[in-house]
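Take a look at the letters that make up each chain.
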Amino acid sequence: MKIPNKLKVGVKEFEVRMVDHLDSRAESQGVCSTDHLFIEIDNRLPQVQKEITFLHEIIHACSDFIGLQDDERLDEESICSRYDDILYTVLKENNLLN
Ligand SMILES: [Zn+2]
């Protein structure tokens, strides 16, 4: 999977950055800020781990889009059903399917 410089999720466009040192508060390999519209990925990771982290951050951006955090009572099927359209749209609109 290629990692683009920008990622469109619905009306929001995220800047995607590879960074040498992630914010020390982040105990992870990536960050998705839905307020400041950026995704950061640890540049020191092996390529496959960068791509998995990028996908992880896409899911965070989609969670914001579908308002998942507003309703924690959803069952697995409902959650997957809410993700399928937006995930497909994001991958398609950002030319990440081919
Ligand atoms: Zn996460």
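Residues numbered from 1 in each chain as written. Predicted model: local features only at pLDDT ≥ 70, side-chain atom pairs only at ≥ 80, totals over all residues.

*Asks:* Looking at this model, I keep getting lost on the overall build of the protein. Mind explaining?
*Replies:* Helix and strand content of the protein: two helices and four strands. Along the protein, helices and strands appear, N-terminal first, in the series β-β-β-β-α-α. In terms of overall size, the protein behaves like a compact globule, its C-alpha atoms giving a radius of gyration of 13 Å where 98 residues would be expected to give roughly 13 Å. Taking the principal axes of its C-alpha atoms as reference, the protein extends roughly 35 × 35 × 25 Å. Counting the 98 residues in the protein, one finds 18% classified as buried. Excluding contacts between residues fewer than 6 apart, the proportion of contacts in the protein whose partners are at least 24 apart in sequence is 44%. (Helix = DSSP H or I, 4+ residues; strand = E, 2+ residues; numbered from the N terminus. Rg over C-alpha atoms; globule rule 2.2 N^0.38 Å. Buried ≥ 20, exposed ≤ 12 C-beta atoms within 10 Å, placed from the backbone. Contact = placed C-beta atoms within 7 Å.)

*Asks:* Before we go on, may I ask you to explain the sheet that holds strand β2 (residues 12–19) in this structure?
*Replies:* Within a sheet, each strand pairs with its neighbour through backbone hydrogen bonds, oriented either parallel or antiparallel. Taking strand neighbours across the sheet as the criterion, the four strands line up as β1-β2-β4-β3 in an open arrangement whose pairing is mixed. Lying at the two open borders of the sheet, with one neighbouring strand each, are β1 (6–9) and β3 (30–33). If you compare each strand with its neighbour and ignore which way they point, the axes differ by 20° on average. With four bridges connecting them, β1 and β2 associate as antiparallel partners. (Pairing = 2+ DSSP bridges. Axes fitted to C-alpha atoms, helices over the stretch in contact; angles between N-to-C directions.)

*Asks:* Where do I start with helix α2 (residues 76–93) in this structure?
*Replies:* Relative to the 26 Å expected for 18 residues at 1.5 Å per residue, α2 spans 26 Å between its end C-alpha atoms, a close match to the ideal helical length. In the structure, α2 departs most strongly from a straight axis at Asp-84, where the bend amounts to approximately 30°. The element α2 is barely covered by neighbouring structure, given that only one of its 18 residues are classed as buried. At the exit of α2 stands Asn-95, carrying a positive phi of roughly 55°. (Expected span 1.5 Å × (residues − 1). Bend = angle between axes of the 7 residues up to and from the residue.)

*Asks:* Where do I start with the confidence of the model for the protein in this structure?
*Replies:* Do not read the fine detail of predicted coordinates wherever pLDDT is low. On average, the protein scores 90 in pLDDT, and the residues at 70 or more come to 93%. Averaged pLDDT values for the elements of the protein fall to 93 in α2 and rise to 98 in β1. (pLDDT = per-residue confidence, 0-100.)

*Asks:* Sorry if this is basic, but what is going on with helix α1 (residues 47–66) here?
*Replies:* Every α-helical turn comprises 3.6 residues, leaving residues that sit three or four positions apart pointing alike. Between its first and last C-alpha atoms α1 spans 29 Å; for 20 residues at 1.5 Å apiece the expected length is 28 Å, and the two agree. Of all the positions in α1, only Thr-53, Phe-54, Glu-57, Ile-58, Ala-61, Cys-62 and Phe-65 are classed as buried. Looking one or two places after α1, you find Gly-67, whose phi comes out positive at around 65°.

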